[in-house]
Each structure stands twice: as structure tokens, then as C-alpha cells.
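Close look at the chain arrangement
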Amino acid sequence: MHVIARIVAGNRLTTVAQGLENIPANGPAIIAARHYHHLFDGLVFFAAVERRFHFVVTLDWAQSRRTKFFMSGLNTLARWPMVLREEAIENSRRESRLYTANDLRRYHLAALRQSVKLLKENRLLIIFPEGFPYVDPVFTPKTRADEFLPFKPGFAAIAERAERMMHRAIPIIPTGIRYQTATTWLAHVSFGPPVYRRDFPSRQCFIDSVADSVKRLSGLPAER
């Protein structure tokens, strides 16, 4: 996958990484990252991270049964948990009727189980908690390049379930991404120090703190 990603990036994208020492060399961990570009964000991690990792990916952008079948097969092969986004499903219903409301919960439960299983195998999981990038050829609610959507709680739920089953804390690594655009895009990816759910009084405080860290690491002002 790293080789394929380098070929796809070609002379379109160059990546500079900071804070790589914050990624554990082994053991389970979750990277919670900003989402800006539907393709380049993934290529950034293949360029920067040597450990094998698994993305939690969305499938609802696939607007035909053939594409959905093909991408489901690839994601299954790579062991990338698949989720659906409620806003995207509402949008696709008006066009393709490919997804239903019942699919939302089914995919989320399957992704939760698979994500926890990967962490139990000491894997590295990458999640974009905003759910939507700014650059998206299909659908996004973002209207500005600096817009930052509220973090969805999925990454926290995965960490909670894994910690209960594994009886150990799961490090969450806030990760910022920012780009300088030109003929060749330059990506700056910054990995922050790990944070732990146990250090916060509530799930929402934990989520808000991770979101603020990701904003700062992306060069954006935090709300608090």
C-alpha cells in the first residue's frame, strides 16, 4: 500500500512530518486527524508513518452499486473499517437510493467491532473524526478551507470499548494537517503527544480537548 500511495502521490504531493516520536513503535493506538482533502490526507500518512495502519473509512461516497461493491472488497482486504455518514446518506437518497437509514447503524456496529479487534491485535488506527473533508468531489457540508466540523464521538467510543476489553489505556494521538497549494502540494503533518481518555472527567471533555489539539496542530485557533 505504501508503494501504491507513493505512485499516486507522484509529483502532486510532498509531505513534511513533525512529532513522529509521538507515535508508539508498537502496541495499540488511535490517530485522530484533521480532514481537509479526500485523497491527499490518506497519502500523507503513507508518506509519514512507517508502521502498518488501518483507516476508518466512509463508503457512502460510492454512488453506484459497482463502485460500492468494488470499494467494499478493497476495504475488506485492507481491513479498513467502513462507516456511513448520516448527512451523506440523506444526500445520496435523493439521487441514488443506494443507502438506507438502517444501513447507518449496521455499518457503525460492524466498524466498532472491527476497530476494537484491530486494537486488540496491537494495530494503529487512523480516524478523521470530523467525518468530512473540505476538498470532496461528492458532498461536504464544509464551505470554507479553515472550517472545522465538530468531532464525532466514534473514536472515543472505540477507545472506551477497547479499554474495557483489553484492560489498558489506549493512546490517542491528535494530528494536524495543513497544506500549501501549488503545482505540487506541500503537506505539513504534525503528530501531538498522546492523550488518554482516563485523564478527563467526561467523554465530551475528552473529545473537545482532542479537537482543540488537532486544530492547534493544524495551525488553526482552538475554541477554548
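In the block above lies the structure referred to throughout.
It should be emphasised that the depicted structure is a prediction, and the values quoted were computed from it without experimental measurement.

1. Remarks on the overall build of the protein
Tallying secondary structure elements over the protein gives seven helices and eight strands in all. Relative to a compact globule of 224 residues, whose C-alpha radius of gyration would be 17 Å, the protein shows 17 Å and is just as compact. Viewed in the frame of its principal axes, the protein has a C-alpha envelope of about 45 × 45 × 35 Å. Of all 224 residues assigned to the protein, the portion counted as buried reaches 51%.

2. Things to note about helix H2 (residues 40-48)
Where burial is concerned, most of H2 is hidden: eight out of the nine residues are buried. All buried positions along H2 are accounted for by Phe-40, Asp-41, Gly-42, Leu-43, Val-44, Phe-45, Phe-46 and Ala-48.

3. A closer look at the side chain of Lys-68
Inspection of the secondary structure puts Lys-68 in helix H3 (residues 65-78). Despite its burial, Lys-68 remains without a salt bridge, the nearest opposite charge being carried by Asp-103 at 4.9 Å. Discounting residues that sit within four places of it in the chain, Lys-68 has contacts with Leu-59, Ala-62, Leu-98, Tyr-99 and Tyr-107.

4. Side note on a nonpolar patch on the surface
A cluster of nonpolar side chains, contributed by Met-1, Ile-4 and Val-8, occupies part of the molecular surface with about 280 Å² of accessible area. Within the secondary structure, Val-8 is located in helix H1 (residues 2-9). Its relative accessible area of 32% is what places Val-8 among the partly exposed residues.

5. Examining unusual backbone geometry
For Arg-79, which is not a glycine, the phi torsion comes out positive at approximately 60°. With respect to the helices and strands, the residue Arg-79 is situated in the loop between H3 and strand E5 (82-83). The residue Asn-122 is not glycine, and still its phi comes out positive at about 65°. Here Asn-122 shows up in the loop between helix H5 (101-120) and strand E6 (124-127). With a relative accessible area of 36%, Asn-122 lands in the partly exposed category.

6. A short note on the pattern of salt bridges
Scanning the entire structure with this criterion turns up 10 salt bridges. For the salt bridge of Arg-85 with Asp-60, the shortest nitrogen-to-oxygen distance reads 2.5 Å. Of this pair, Arg-85 sits in the loop between E5 and helix H4 (86-93) while Asp-60 sits in the loop between strand E4 (57-58) and H3, placing them 25 residues apart in sequence. Summarising the burial analysis for this pair, Arg-85 and Asp-60 share the class buried. The partner of Lys-142 in a salt bridge is Glu-130, with the nearest N and O atoms 2.8 Å apart. Taken together, the residues Lys-142 in the loop between E6 and helix H6 (154-166) and Glu-130 in the loop between E6 and H6 connect sequence positions 12 residues apart. Overall, the relative accessible area of 6% leaves Lys-142 in the buried class. Residue Glu-130 is classed as buried on the basis of its relative accessible area of 1%.

7. A short note on the sheet that holds strand E8 (residues 185-191)
Sheet architecture is open: six strands sit in the order E1-E8-E7-E2-E6-E3, paired in mixed fashion. Both edges of this open sheet fall to strand E1 (13-18) and strand E3 (53-55), since each of them pairs with a single strand only. Neighbour-to-neighbour, the strand axes of this sheet turn through a mean angle of 25°, independent of strand direction.

Parameters and conventions
Residues numbered from 1 in each chain as written. Predicted model: local features only at pLDDT ≥ 70, side-chain atom pairs only at ≥ 80, totals over all residues. Heavy atoms only, no water. Helix = DSSP H or I, 4+ residues; strand = E, 2+ residues; numbered from the N terminus. Rg over C-alpha atoms; globule rule 2.2 N^0.38 Å. Buried < 20%, exposed > 50% of the residue type's maximum accessible area, 1.4 Å probe, protein only. Lys, Arg positive; Asp, Glu negative; His and termini not counted. Salt bridge = Lys/Arg side-chain N within 4 Å of Asp/Glu carboxyl O. Contact = heavy atoms within 4.5 Å. Patch = residues over 30% accessible without salt bridge, like charges linked within 9 Å, V, L, I, M, F, W, Y side chains within 5 Å. Areas by Shrake-Rupley, 256 points an atom, 1.4 Å probe, with all protein chains shown as cover. Pairing = 2+ DSSP bridges. Axes fitted to C-alpha atoms, helices over the stretch in contact; angles between N-to-C directions.

Honestly, it's all geometry; don't read function into it.
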